[in-house]
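# Results of the structural survey
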Amino acid sequence: MAMREVKLCLLGDSGVGKSSIVQRFVCDSYQDSIPPTIGASFMSKTISVGEKSFKFQIWDTAGQEKYRGLAPMYYRGAAAAVIVYDITSQISFVKVRDWIRELQQHGPENIVIAIAGNKFDMADLREVETRTAMDYAQDIGAVFTETSAKTAENIKDLFLKISERLPAESVLPYNSTDTVQLRRQRTQPKKRSCCLY
Ligand code: GTP
């Protein structure tokens, strides 16, 4: 089976659930309270889609403003970016547009962008209408889904949708030179594994 390696980064405001989405996807677990990410953290997860297999190299960036300047290091060379907002926070959705603008100006040309409205389990406190976010995503050609890291709803689906959108040339073969570049990052990100939680 062909193994493809996909560099992916998560972007979005602090507290929207980026780390929780990664933890759910990679370890199928969830915690009510996890500390804010410092700088960025890295995890990988392989999924199979039909005859193909995708090894996601996931860079989970810190949403706190003081780390914002680090983001280019993680979206540079990325095949996909997931921009996360919290459906109960209009402010977090406003920030999605800032990230889109930044990716359009400075991100890789063929990057697949996905927008994830997280905390879907808290729909009774919703501030961002599904239609509004979906229309926006459609306008810019982004994948869209509403997720819940807490209940696992649409988490795997998000990554499946991304893998379907990847152009053949942006999925690099396993053991590609990109892996070497990742290891040469100047700021050493925290390597996280599920058992640390
Ligand atoms: P930074 O690391 O600061 O950028 O935050 P983050 O975007 O990684 O958020 P994180 O995953 O740390 O989650 C923040 C809080 O939201 C935690 O208390 C999580 O338990 C909670 N949370 C995350 N996802 C969900 C979800 O789907 N539903 C609910 N109800 N809470 C969630």
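What counts, and at which threshold
Residues numbered from 1 in each chain as written. Predicted model: local features only at pLDDT ≥ 70, side-chain atom pairs only at ≥ 80, totals over all residues. Heavy atoms only, no water. Axes fitted to C-alpha atoms, helices over the stretch in contact; angles between N-to-C directions. Helix = DSSP H or I, 4+ residues; strand = E, 2+ residues; numbered from the N terminus. Parallel < 35°, antiparallel > 145°, perpendicular 65-115°, else oblique. Contact = heavy atoms within 4.5 Å. Nonpolar A, V, L, I, M, F, W, Y, C, P; charged D, E, K, R; others polar. Near = heavy atom within 4 Å. Polar contact = N/O pair within 3.5 Å; in protein donor to acceptor, adjacent residues only side chain to side chain. Areas by Shrake-Rupley, 256 points an atom, 1.4 Å probe, with all protein chains shown as cover. Salt bridge = Lys/Arg side-chain N within 4 Å of Asp/Glu carboxyl O. Buried < 20%, exposed > 50% of the residue type's maximum accessible area, 1.4 Å probe, protein only. Pairing = 2+ DSSP bridges. Right-handed = clockwise from strand over helix to strand, strands pointing away.

## Quick look at the packing of helix α1 (residues 18–27) against helix α5 (residues 155–165)
The geometry of α1 relative to α5 is characterised by a closest axis approach of 9 Å and an angle of 85 degrees between their N-to-C directions. Comparing their axes, α5 and α1 come out roughly perpendicular. When α1 is examined against α5, the residues Ile21, Arg24 and Phe25 are found in contact with a partner set consisting of Ile155, Lys156, Leu158 and Phe159. In the contact of α1 with α5, the residues fall into five nonpolar, no polar and two charged.

## Regarding the site of the ligand
Taken together, 24 residues are adjacent to the ligand, and Ser14, Ser20, Thr37, Gly63 and Asp121 come closest. Ser14 is positioned such that a nitrogen or oxygen atom in its side chain is 2.6 Å from an oxygen atom of the ligand. Between an oxygen atom of the ligand and a main-chain N or O atom of Gln31, the distance comes to 2.9 Å. For the ligand, the accessible surface in isolation is 650 Å², of which the surrounding protein chains cover 90%.

## Some points on the environment of Tyr74
With respect to the secondary-structure elements, Tyr74 resides in helix α2 (residues 71–75). Spatially, the C-alpha atom of Tyr74 lies 8.5 Å from that of Asp60, the residues being 14 residues apart in sequence.

## Describing the pattern of salt bridges
For side chains of opposite charge, pairing can occur when their charged atoms come near one another. Counted by the stated rule, this structure contains eight salt bridges. Across the salt bridge formed by Arg101 and Asp98, the nearest N and O atoms sit 3.3 Å from each other. Within this pair, Arg101 and its partner Asp98 are both found in helix α3 (residues 90–106), separated by three residues, close to a single helical turn. Look at Arg101 and you get partly exposed, because its relative accessible area is 44%. Glu146 is paired through a salt bridge with Arg126; the nearest N and O atoms lie 2.8 Å apart. Placement of Glu146 in strand β6 (residues 143–146) and of Arg126 in the loop between β5 (112–118) and α4 (130–140) is noted, with a sequence separation of 20 residues between them.

## Some thoughts on the pairing of β5
For β5, a buried count of seven out of seven residues is recorded, marking the element as mostly surrounded by other parts of the structure. Pairing geometry for strand β4 (residues 80–86) and β5, over seven bridges, is parallel. Across the sheet, residue Ala81 finds its bridge partner in β5, namely Ile113. Each parallel crossover has a hand, and the one from β4 via α3 to β5 is right-handed. Inspection of the sheet shows β5 paired to β6 by four bridges, in the parallel sense. Following the sheet pairing, Gly117 is matched in β6 by Glu146.

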